[in-house]
Amino acid sequence: MGTASQPARPARAGDEPFDTARYRQALGTFATGITVVTTRAPDGSLAGVTCNSFNSLSLSPPLVLWSLRKDSRSLPAFQDAGHFAVNVLAHDQEAVSRTFASKGEDRFAQVDHRPGVAGLPLIEGAVSRFQCRLRQEVDGGDHVLFIGEVLDFAHEPRPALVFHEGAYKTTATTADLDTVA
Ligand SMILES: Cc1cc2nc3c(=O)[nH]c(=O)nc-3n(C[C@H](O)[C@H](O)[C@H](O)COP(=O)(O)O)c2cc1C
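Residues numbered from 1 in each chain as written. Predicted model: local features only at pLDDT ≥ 70, side-chain atom pairs only at ≥ 80, totals over all residues.

Undergrad: So what exactly am I meant to see when it comes to the overall build of the protein chain here?
TA: Helices and strands together make up the secondary structure of the protein chain, namely 4 helices and 12 strands. Here the protein chain, with 181 residues, has 25% of them falling under the buried criterion. Pairs at least 24 apart in sequence give 62% of the contacts found in the protein chain among residues at least 6 apart. (Helix = DSSP H or I, 4+ residues; strand = E, 2+ residues; numbered from the N terminus. Buried ≥ 20, exposed ≤ 12 C-beta atoms within 10 Å, placed from the backbone. Contact = placed C-beta atoms within 7 Å.)

As structure tokens, then:
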């Protein structure tokens, strides 16, 4: 028997219109980490977006993937740059996530960062960073899927930021927070 949140019938039956709001809610049950993907465009300008579509694609060769909305203002920078960096955010970087998900103009003025491979902006305080060469761009409906080959990476064993059902959470336990406070 179904409840309001768990219907017995499928979300899409017969001629029913596709329920986008419920579809997004269902997708939101998949907990993810949060990254800021950054790049340096050929004209030297920096671009970065908050992104939870990041995942590992292949171990050998080391490939990762993520996707960006086609109406993103940052799309041309990522298409032209040839490289990108994935910065996995730490438990205390919710403000960084909000900055790179907002419409604000100078996002990089608000976070500490330093140059990496090909001048890629690397965000200080991230749990891990993957510096990549763009290997393939795939059309994906209203998004573009980027596949990158990992050239370099770094990792610090600290609690990470999590996104689940539209809310920020962390992987930190009480013991972790005592340690990192
Ligand atoms: C937790 C979280 C995850 C997000 N993941 C993605 C993503 O994977 N792909 C995407 O295109 N936008 C994603 N967004 C939205 C972008 O960060 C947001 O649209 C950003 O403003 C795009 O900036 P731009 O249009 O200046 O490029 C996410 C936002 C949040 C808060």
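Undergrad: What exactly am I supposed to notice about the sheet that holds strand β10 (residues 143–155) here?
TA: Pairing between sheet strands relies on hydrogen bonds along the backbone, with the strands arranged either parallel or antiparallel. With antiparallel pairing, the 7 strands of this open sheet are ordered in space as β3-β2-β6-β9-β10-β5-β4. The open sheet has two edge strands with one neighbour each: β3 (46–51) and β4 (55–58). Taken pair by pair, the neighbouring strands of this sheet meet at an average axis angle of 35 degrees, ignoring direction. As defined by bridge partners, strand β9 (residues 128–140) adjoins β10 across 12 bridges and the pair is classed as antiparallel. Note on β10: the bridge partner recorded for Glu137 is Phe146. Against the sheet, helix α3 (residues 94–101) makes contact with β2 (35–40) and β3, and its axis sits at roughly 115 degrees relative to β3, the strand it touches most. (Pairing = 2+ DSSP bridges. Axes fitted to C-alpha atoms, helices over the stretch in contact; angles between N-to-C directions.)

Undergrad: What's the story with the site of the ligand in this structure? I'm lost.
TA: Taken together, 16 residues lie near the ligand, and Thr50, Ser53, Ser72, Ser74 and Ala101 sit nearest. Of all the secondary structure elements, the ones that give two or more residues to the shell around the ligand are β3, β5 (63–69) and α3. In terms of residue class, the shell around the ligand is built from 7 nonpolar, 7 polar and 2 charged. (Near = placed C-beta within 6 Å. Nonpolar A, V, L, I, M, F, W, Y, C, P; charged D, E, K, R; others polar.)

Undergrad: What is the right way to read the environment of Ala160 from this model?
TA: Mapped onto the secondary structure, Ala160 falls in the loop between β10 and β11 (161–164). In this structure Ala160 comes out as partly exposed when scored by C-beta crowding, with 19 C-beta atoms within 10 Å. Sequence separation between Ala160 and Val88 is 72 residues; the distance between their C-alpha atoms is 7.6 Å. With near-sequence residues (within four places) excluded, Ala160 lies in contact with Gly33, Val88, Leu89, Ala90, His91, Val127, Thr170 and Thr171.

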